[in-house]
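Structure at a glance
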Amino acid sequence: MGKVYITDHPLIQHKLTYIRDEATKTKDFRDLVDEVATLMAYEITRDLPLENIQVRTPVATADSRIISGRMLGLIPILRAGLGMVDGILKLIPAAKVGHIGLYRDPNTLQPVEYYVKLPTDVQERLLIVIDPMLATGGSANMAIEALKKRGCTQIKLMCLIAAPEGIQAVQQEHPDIDIYVAAIDDYLNDHGYIVPGLGDAGDRLFGTK
Ligand SMILES: O=P(O)(O)OC[C@H]1O[C@H](OP(=O)(O)OP(=O)(O)O)[C@H](O)[C@@H]1O
Ligand SMILES: O=c1cc[nH]c(=O)[nH]1
Ligand SMILES: [Mg+2]
C-alpha cells in the first residue's frame, strides 16, 4: 500500500490557514499556493538518491554530494494544478512539465479528460502529479491511469488538501502510489466539495468566480 505523508511543517500549516480563508483574494491566494508548493517540494524530494563527487573550493578539495541523475517530471492536473508548478520548479528547475487537462462534471462528479501533453521521455522520469484538491479521487486516479497507460512506473501524488474519501480511492486503485498532502479534511459534501476545504481551487487561483 502507498504511504500517506502529511507535510505538517509549521510554515506550511500557517500558510494553509490563509489559503483556506475566504477573505484571501486571488493574488494572495496564488502567492500562498506557490509558496506552499515550494515547501512541499522540499519534503517530496527528501528520498532522492545522492552520489558522491569532489568539488574544488577556493581552499581545497571537498568530498561532496549531488542528486544522482534522477530525472523528474511535474504533471499538473489542469487547471488548478498549474498554481503549484512554479513553486516546485524554484527548487527543481531541471524538471520537465507535462499537462493533463481534466474537469469534473458537476452533476456526475466524474472527471472528463480534455488534454494530455507529456515530455517524450516521460517513462524514464520520476513523476509528481500535482493538484491542490483530492476530493473523490476521480481526477487523480484518471491522471495516474493516463500516465501508467503510457508506460510510466514511478509516480507520486502531491495535493494541498485531501478528503479521506479521495485518499481511499487512490489507495484502492493505485496502491503503489505515495501521497503527499498538507492536510486531510473531514468529508465531502453533497456537491463533492471538501469540508472545510478551501472552496474551488481553480476559481480561487484564476479569479473565475
Ligand atoms: O478528486 P475529484 O473529485 O476528482 O476532484 C478534484 C478535482 O476537482 C478540481 O478540478 P475542477 O474539475 O474544478 O477543474 P479546474 O481545476 O479546471 O477548476 C480539482 O482541482 C481537482 O482536479
Ligand atoms: O473542494 C473541492 C473539491 C473539488 N475541487 C475543488 O476545487 N474543491
Ligand atoms: Mg475547479
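Residues numbered from 1 in each chain as written. Chains lettered and ligands numbered in written order. Predicted model: local features only at pLDDT ≥ 70, side-chain atom pairs only at ≥ 80, totals over all residues. Heavy atoms only, no water.

Put simply, the rule is: UniProt positions are given in the numbering used here, feature names are shortened, and annotations may be inferred rather than shown by experiment.
Going by the annotation in an unreviewed UniProt entry, the name recorded for the chain is Uracil phosphoribosyltransferase, with Paenibacillus chartarius given as the source organism. The chain has a UniProt comment under Sequence similarities (unreviewed entry) that states "Belongs to the UPRTase family."

**Here's the deal with the site of ligand 2**
Condition: Proximity is defined per residue: if any heavy atom of the residue lies within 4 Å of a molecule or strand, that residue is considered near it. Here a polar contact is recorded for every N or O atom pair within 3.5 Å, except that within protein the pair must consist of a potential hydrogen donor and a potential acceptor, and residues adjacent in sequence are included only if both atoms are side-chain atoms. Note on areas: these come from Shrake-Rupley sampling with a 1.4 Å probe, and a residue is covered only by the protein chains present in the view. Any residue that is not Ala, Val, Leu, Ile, Met, Phe, Trp, Tyr, Cys, Pro, Asp, Glu, Lys or Arg is counted as polar, Gly included; the first ten are nonpolar and the last four charged.
Close to ligand 2 lie Arg104, Met133, Ala135, Gly192, Tyr193, Ile194, Gly199, Asp200 and Ala201. Backbone polar atom of Ile194 to an oxygen atom of ligand 2: 2.8 Å apart, as the coordinates give it. A distance of 2.8 Å separates a nitrogen atom of ligand 2 from a polar backbone atom of Gly199. Relative to its unbound accessible surface of 230 Å², ligand 2 loses 88% to contact with the protein. For the shell around ligand 2, a count of residues per class yields five nonpolar, two polar and two charged.

**Observations concerning the packing of helix H4 (residues 138–149) against helix H5 (residues 164–173)**
Going by this rule: To get an axis, fit a line to the C-alpha atoms, keeping to the stretch in contact for a helix; angles then go from 0 to 180 degrees between the N-to-C directions. Per the convention used, a helix needs a DSSP run of H or I reaching at least four residues, while a strand needs a run of E reaching at least two, with both numbered from the N terminus. For classification purposes, angles smaller than 35 degrees are called roughly parallel, those larger than 145 roughly antiparallel, those between 65 and 115 roughly perpendicular, and all remaining angles oblique. Handedness of a crossing is defined here by the sense of rotation of the near helix relative to the far one, left-handed for an anticlockwise turn of less than a right angle and right-handed for a clockwise turn. Contacts were defined at the residue level, with two residues in contact if any of their heavy atoms lie within 4.5 Å.
Remark: H4 packs on H5, axes separated minimally by 9 Å, with the N-to-C direction vectors making an angle of 25°. Judged by the inter-axis angle, H4 sits roughly parallel to H5. You can see that H4 and H5 cross each other, and the crossing is right-handed. Facing Ala140, Asn141 and Ile144 of H4, the residues of H5 in contact are Ala169, Val170 and Glu173. Considering only residue class, the contact of H4 with H5 consists of four nonpolar, one polar and one charged.

**Description of a nonpolar patch on the surface**
To keep things clear, this is the line we draw: Grouping into patches uses exposed residues only, defined as over 30% relative accessible area, and leaves out salt-bridged ones; the cut-off is 9 Å for like charges and 5 Å for nonpolar side chains (Val, Leu, Ile, Met, Phe, Trp, Tyr). The rule for a salt bridge is simple: a side-chain nitrogen of Lys or Arg has to be within 4 Å of a carboxyl oxygen of Asp or Glu.
Together, Tyr103, Val112, Tyr114 and Tyr115 make up a nonpolar patch on the protein surface, roughly 380 Å² of accessible area in all. Looking at the nonpolar patch, the element that brings in the most residues is strand S7 (residues 111–117), giving three residues. By secondary structure assignment, the location of Tyr103 is in strand S6 (residues 99–104).

**Quick look at the UniProt feature "binding site: 5-phospho-alpha-D-ribose 1-diphosphate" (unreviewed entry) in the chain**
Filter applied, for reference: We call a residue buried when its accessible area falls under 20% of the maximum for its residue type, exposed when it is over 50%, and partly exposed in between, using a 1.4 Å probe and counting protein chains only.
Listed under "binding site: 5-phospho-alpha-D-ribose 1-diphosphate" (unreviewed entry) in the UniProt record, and renumbered for this structure, are Arg79, Arg104, Asp131, Pro132, Met133, Leu134, Ala135, Thr136, Gly137, Gly138, Ser139 and Asp200. Here Arg104 lies in strand S6. On the basis of relative accessibility, which here comes to 26%, the residue Arg104 falls in the partly exposed class. Setting aside chain neighbours within four positions, we find Arg104 in contact with Leu109, Gln110, Pro111, Ala135, Thr136, His191, Gly192 and Tyr193. In terms of polar contacts, Arg104 uses its side chain to reach the backbone carbonyl oxygen of His191, at 3.5 Å. One can find Met133 in strand S9 (residues 133–134). Apart from residues no more than four positions distant in its own chain, Met133 is found in contact with Ile161, Ile194, Leu198, Gly199 and Ala201.

**Some details on the nonpolar core**
Counted only if it meets this: In plain words, nonpolar cores are sets of buried Ala, Val, Leu, Ile, Met, Phe, Trp, Tyr and Cys residues tied together by side-chain atoms within 4.5 Å.
The biggest cluster of nonpolar side chains holds 37 residues, and the ones touching the most others in it are Ile19, Met40, Ile88 and Leu160. For this core, the secondary structure elements donating two or more residues are helix H1 (10–20), helix H2 (26–44), strand S4 (72–78), helix H3 (85–89), strand S8 (126–130), strand S10 (155–162), strand S11 (178–184) and helix H6 (201–206). Per element, the largest residue contribution to this core is eight residues, and it comes from H2. Setting aside residues up to four positions removed in sequence, Ile19 forms contacts with Phe29, Leu32, Val33, Val36, Leu160, Leu198 and Arg204. By size, the runner-up hydrophobic cluster in this structure holds 24 residues, among which are Ile100, Val129, Ala140 and Cys159.

**Some details on H5**
Which entries qualify depends on this criterion: Starting at the helix axis, one direction is taken to each C-beta atom, and the arc is that of these directions.
Of all the positions in H5, only Gly166, Ile167, Val170 and Gln171 are classed as buried. The buried residues of H5 all sit within an arc of 130° when viewed along its axis, so they share a single face. More than 90 degrees from the buried face of H5, the exposed residues found are Gln168 and Gln172. As for H5, its buried residues are in contact with strand S1 (4–6), S9, H4, S10 and S11.

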